[in-house]
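Examining the three-dimensional arrangement
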Amino acid sequence: MCCVGEVGSCSDTGKSGACGTMLEEETDQTYENVLAEIQSFELPIEATLSPHSLPQVRGREPGRAPPARRSARSPSRRLSRPAPAPPLRARATWRSPPSFPRRCASPVPQLPAKMAESSEGLGTVPEHERILQEIQSTDTACVGPTLRSVYDDQPNAHKKFMEKLDACIRNHDKEIEKMCNFHHQGFVDAITELLKVRTDAEKLKVQVTDTNRRFQDAGKEVIVHTEDIIRCRIQQRNITTVVEKLQLCLPVLEMYSKLKEQMSAKRYYSALKTMEQLENVYFPWVSQYRFCQLMIENLPKLREDIKEISMSDLKDFLESIRKHSDKIGETAMKQAQHQKTFSVSLQKQNKMKFGKNIYINHDRISEERNETVLKHSLEEEDENEEEVLTVQDLVDFSPVYRCLHIYSVLGDEETFENYYRKQRKKQARLVLQPQSNMHETVDGYRRYFTQIVGFFVVEDHILHVTQGLVTRAYTDELWNMALSKIIAVLRAHSSYCTDPDLVLELKNLIVIFADTLQGYGFPVNRLFDLLFEIRDQYNETLLKKWAGVFRDIFEEDNYSPIPIVNEEEYKIVISKFPFQDPDLEKQSFPKKFPMSQSVPHIYIQVKEFIYASLKFSESLHRSSTEIDDMLRKSTNLLLTRTLSSCLLNLIRKPHIGLTELVQIIINTTHLEQACKYLEDFITNITNISQETVHTTRLYGLSTFKDARHAAEGEIYTKLNQKIDEFVQLADYDWTMSEPDGRASGYLMDLINFLRSIFQVFTHLPGKVAQTACMSACQHLSTSLMQMLLDSELKQISMGAVQQFNLDVIQCELFASSEPVPGFQGDTLQLAFIDLRQLLDLFMVWDWSTYLADYGQPASKYLRVNPNTALTLLEKMKDTSKKNNIFAQFRKNDRDKQKLIETVVKQLRSLVNGMSQHT
């Protein structure tokens, strides 16, 4: 709506439609501004099209006059002298309009030159003049520092400055008054002319008001239609703009919606790809919009959420494989075992095709049975192959792949790799930590191995499927660390195993464990080296077990020859023990084997021991020569240590009598002969000829010889002990005057015992029986001699000597009767030669011959020691003195007593000479 002034100006120019054109142009310009604002989307369209933003183009209300234009000077203003200027402090409060910046250095109109001259004529201090000049030439906003300098001077400077300022103000007022007086007449003339046109202006005002009213009434309808057109045009333009912008924004929104769906469906890798596409392709199109900024700000949070979710899935995966590692390892070990069994079956099948049948003495393996077993094993393998499960079937590796891809897309792959490796190392340490009672059962070892296998099977799968998450160097380092720990654990726990069956099962588990991991490319040579250590322990446990077996066999044996009554029993014994004796085969039933029942049992147990040792040697990836050497060494240990120790303990047992010892010697002889069959047995198992240079020989020969020598010595010892027992029963009357005329009863019992014992010795080797007989006779002779020379025996009569002579005669008769065949001449009688010469010397009383021939090689009493003769003669001299009190009254007795004393002196001189000579 045009104002009155504007209408007047229009009438002065003579163009009545100028105001309408101007109004339309202003309105169009305003709408253009509004459209520009809508297109920039700085505000919503509704805010842009609000009534407050449109220009007010409606007409003025009727009856309201347009505002009068304010004149520069009011006509009614009084033309009087201007009032004195206010003090400078009050004028300093004037400020410039807020829309223009203030500048301290803005110039201020200078005072007239006359005012300056008048101020210079005041004769004040030059400093005050400088301050006044700064105040006049400086902006009022920056006059503060100038005024502050007034107060910083001397105390009376302020008063002088005020006086100077008042004088300056008075000069300015005078100048203003002069100027107003100079222009006053012109001002009065202008007012007079203005009053003249006042009447015409009022008429013109009435005409303009009427014209404006009629113009407004005519333009109302046009304005309404114009507004409608403008509004439609704006809406159309807005719609077009919105459609264009929406077509630009819709792909972005669709991609963002797709991102949300992928996040909901947990397709995080696809979501990250969508994010990259949004950032690189779509967001640059709509980067100026607020919703795009919100989306851009939300993407980092979504990425962090994806990282956290994927890491959580990875943790769940690690926990899952830790719990299921034993199942994974068990499956892998079963597959390795099945594959190995299948390979062994094929090898056996090939051997049978080439006609390689093994016969070990009388233990034959039926070919038909082998074919049946092989057929069943192959069928089982086929069934197992149908049910083979891989590690992918047991474990879902998608969390690892997904997390790896996510971290790769996010550029943080190194963090993921470090975290994965750190966690897996922790799990490895947990897996390698055994239970304290693992050595008690094989299930403890199996669980330990399956967990380790499961762990490294997973690592091998990750190594071959992923790129860089697990490297070969990392797995090798982890395996070396684990292998050292495994070997230490097995070495410690296997030392507690005392059951050979448990050690054997442990060995089989270690072999399967090693074969399984070797199939996955892990080096396992140190495990097979450990098996050699465990093999020694296994042999020790076997030796302990077989020591108990041998003890039981010896305890159950009756130590008598094996009786057989028919051919069937004979064949049973022959099948157990390789005995060959043509003479025994010719004998009719019933008959007896020379060995006792323990011999075939021991032979069978030695073979079982070899089989047990062979079980451990299998699957160690060793050559037949090495296996043969191991079997022979372990068998030697069994013979030289275990069996030899059991035999020696058996021989030294108190309840083992002479008959049992004789049977033990016979048994060891046959066992010694069977050693060559044991060597043949080992040769047939290993297919290694005995003629091989480095083949170890069995030491059974020396073992059984040593046992036999120990048994022989024990026979000698026990036989002597038995003789001592009989001798202790002797009850001589050493003071008897006449002998009984017959040998003592204890001696006859002893001789009868020796006869029966030496009959048993006929089964012994000839030298053993002869040695035992000679030893018994020598011990009997020594015992009888010690009886005569006993220090507790003080007196011996001639009658007692004669009775003792009768007993010695019986011993000589026993020796001459050849109780054991094989002695030449009087060899056995020489055992009693010392007694015989001593007794003959005292019985004949032939001292002159003894003393004359003493020291001569051909002396009749060469074996009589002077000391022995002196001891016995002194005992007889004391008896003569005691029993013949009146012997001194008879001449013969006196002569005999003198002879004894003479002989005693000579014997003492001989004894002293011998002692000096020695």
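Refer to the structure presented above.
Our subject in this report is the structure included herewith.

How each quantity is defined
- Residues numbered from 1 in each chain as written.
- Predicted model: local features only at pLDDT ≥ 70, side-chain atom pairs only at ≥ 80, totals over all residues.
- Heavy atoms only, no water.
- Patch = residues over 30% accessible without salt bridge, like charges linked within 9 Å, V, L, I, M, F, W, Y side chains within 5 Å.
- Areas by Shrake-Rupley, 256 points an atom, 1.4 Å probe, with all protein chains shown as cover.
- Salt bridge = Lys/Arg side-chain N within 4 Å of Asp/Glu carboxyl O.
- Helix = DSSP H or I, 4+ residues; strand = E, 2+ residues; numbered from the N terminus.
- Buried < 20%, exposed > 50% of the residue type's maximum accessible area, 1.4 Å probe, protein only.
- 1 Å grid on protein atoms, 1.4 Å probe; cavity = no way out; pocket = protein on both sides within 12 Å on 5 of 7 lines; lining within 4 Å.
- Points joined across faces, edges and corners; volume = space filled by probe spheres on them.
- Nonpolar A, V, L, I, M, F, W, Y, C, P; charged D, E, K, R; others polar.
- Axes fitted to C-alpha atoms, helices over the stretch in contact; angles between N-to-C directions.
- Parallel < 35°, antiparallel > 145°, perpendicular 65-115°, else oblique.
- Left-handed = near helix turned anticlockwise from the far one by under 90°.
- Contact = heavy atoms within 4.5 Å.
- Phe/Tyr/Trp six-rings, centres within 6.5 Å; stacked < 30°, edge-to-face > 60°.
- Lys NZ or Arg CZ within 6 Å of the ring centre and 35° of its normal.

Among the surface-exposed residues, Leu-246, Leu-250 and Leu-253 lie close enough to one another that they form a single nonpolar patch of about 250 Å² accessible area. One can find Leu-250 in helix 9 (residues 198–264). Judged by its relative accessible area of 44%, Leu-250 falls in the partly exposed class.

Time to look at empty space enclosed by the protein. Tallied over the full model, the rule gives 4 cavities of 30 Å³ or more. What the largest cavity holds in volume is close to 50 Å³. Sorting elements by how many residues they give to the lining of the largest cavity places helix 22 (residues 598–617) first, with 3 residues. Partitioning the lining of the largest cavity into residue classes produces 9 nonpolar, no polar and no charged. Approximately 40 Å³ is the volume attributed to the second largest cavity.

So, about the packing of helix 10 (residues 268–282) against helix 14 (residues 398–409). Running from N to C, helix 10 and helix 14 point in directions that differ by 15°, and their axes come no closer than 9 Å. Looking at the two axes, helix 10 sits roughly parallel to helix 14. Read as a crossing pair, helix 10 and helix 14 show a hand that is left-handed. For the pair helix 10 and helix 14, the contacting residues are Tyr-268, Tyr-269, Leu-272, Lys-273 and Glu-276 in the first and Arg-402, His-405, Ile-406 and Val-409 in the second.

In this structure, Pro-590 follows Phe-589 across a cis peptide bond, with omega equal to -5°. The residue Pro-590 is located in the loop between helix 21 (582–586) and strand 4 (591–593) in this model. In this structure, Tyr-559 takes a positive phi of about 55° despite not being glycine. By the secondary structure assignment, Tyr-559 is in the loop between helix 19 (525–556) and strand 3 (562–564). Taking the relative accessible area as the measure of exposure, Tyr-559 reaches 8% and is therefore buried.

Right, let's get into the packing of aromatic side chains. Each pair of aromatic rings is reported with the distance of its centres and the angle of its planes. Under the definition given, this model contains 32 aromatic pairs. Centroid distance Phe-456 to Phe-522: 5.3 Å. Interplanar angle 70°. Geometry classified as edge-to-face. One end of the pair, Phe-456, is in helix 16 (residues 442–465); the other, Phe-522, is in the loop between helix 18 (500–519) and helix 19, and 66 residues separate them in sequence. Exposure remark for Phe-456: the relative accessible area of 3% places this residue in the buried category. Considering the side-chain rings of Phe-579 and Phe-593, the 5.3 Å spacing of their centres and the 80° angle between planes classify their relative orientation as edge-to-face. Here the residue Phe-579 occupies a position in the loop between helix 20 (567–576) and helix 21, and Phe-593 occupies one in strand 4, the gap between them amounting to 14 residues. Grouping residues by exposure puts Phe-579 and Phe-593 together as buried. Within the aromatic cluster, the residues linked to one another by ring pairs are Tyr-448, Phe-449, Phe-455, Phe-456, Trp-479, Phe-513 and Phe-522. The residue whose ring lies beneath Lys-591 is Tyr-570, and the NZ or CZ to ring-centre distance is 4.8 Å. Above the plane of the ring of Phe-753 lies Lys-722, whose end atom (NZ or CZ) is 5.8 Å from the centre.

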